[in-house]
Amino acid sequence: MLEEGRGTCSSKHQLLAAVAHESGHFEVGLTVGIYEMSEQNTPGVGVALASASLKSVPEAHCYLTVDGERFDFTGLPSGPLSPFDALLSEHTVLPGDLAEAKSRLHRAAVTTWAAAAGVPEESVWITREACIAALVANHKLEQARRGCVLIGSEPNIP
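A.B. asks: I tried to follow the packing of aromatic side chains on my own but got confused; where do I start?
C.D. replies: Aromatic ring pairs are described here by two measures, namely the spacing of the ring centres and the angle between the planes. Across all of its chains, the model carries one aromatic pair by this definition. Judged by centre distance (4.8 Å) and plane angle (75°), the ring pair of Tyr-63 and Phe-84 falls under edge-to-face. Here Tyr-63, found in strand 2 (residues 57-66), pairs with Phe-84, found in the loop between strand 3 (69-71) and strand 4 (87-93); they are 21 residues apart in sequence, far enough to count as distant. According to the relative accessible area criterion, Tyr-63 is buried, its value standing at 1%. The partly exposed category is assigned to Phe-84, whose relative accessible area is 23%.

In structure tokens, the structure reads:
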């Protein structure tokens, strides 16, 4: 991430939390929030959601918390609502446990949400992937408009 100058919400916040913890600042929490991703809180996903006849899908997002205050250094454009307004749950994890914990928490949230919504779980995952692809495509388009070029195919957002 440091060499490329870009990263995901996970890699950015995992690094910041690890540095804080190495410096003795254990009050900095690495948090996985599960929220209902919609066009209102994550601009650019509306078309993908509409094509699946859904208004939202559960998404896992990483950020830092200190004394109950949230800090998000992802740099994504914000919508009229914050993803924090649509939180379903929050979980503090250790930086070394992030990959496994985020995956496990996200899977459990999708399973529960899909059952409650009466939607096949696989459909939720497919729609979620379409939403992420739309965000990456929108980000690349915006970078091209600014005269920037993204290298690589990972959905890393500066």
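There is more to say, and it comes next.
A.B. asks: Would you mind showing me how to read the pattern of salt bridges here?
C.D. replies: Pairs can form between side chains of opposite charge whenever their charged atoms are close. In total, this model carries four salt bridges according to the counting rule given. Note that Arg-70 and Glu-90 form a salt bridge whose closest N and O atoms lie 2.8 Å from each other. Separated by 20 residues along the polypeptide, Arg-70 in strand 3 and Glu-90 in strand 4 bring together distant segments of the chain. According to the relative accessible area criterion, Arg-70 is partly exposed, its value standing at 34%. For Glu-100, the salt bridge goes to Arg-104, with nearest N and O atoms at 3.1 Å. With Glu-100 and Arg-104 both in helix 3 (residues 98-117) and four residues apart, this pair spans about one turn of that helix. With relative accessibility at 49%, the residue Glu-100 sits in the partly exposed group. Connected via shared salt-bridge partners are Glu-59, Arg-128 and Glu-129.

A.B. asks: Before we go on, may I ask you to explain unusual backbone geometry in this structure?
C.D. replies: The backbone of Ser-53 sits at a positive phi, close to 60°, despite the residue not being glycine. Looking at the element boundaries, Ser-53 is found in the loop between helix 2 (46-51) and strand 2. Judged by relative accessible area, Ser-53 falls into the exposed class, the value being 67%. One non-glycine residue, Asp-67, lies in the positive phi region at around 50°. Here Asp-67 shows up in the loop between strand 2 and strand 3.

Cut-offs and rules
- Residues numbered from 1 in each chain as written.
- Predicted model: local features only at pLDDT ≥ 70, side-chain atom pairs only at ≥ 80, totals over all residues.
- Heavy atoms only, no water.
- Phe/Tyr/Trp six-rings, centres within 6.5 Å; stacked < 30°, edge-to-face > 60°.
- Helix = DSSP H or I, 4+ residues; strand = E, 2+ residues; numbered from the N terminus.
- Buried < 20%, exposed > 50% of the residue type's maximum accessible area, 1.4 Å probe, protein only.
- Salt bridge = Lys/Arg side-chain N within 4 Å of Asp/Glu carboxyl O.

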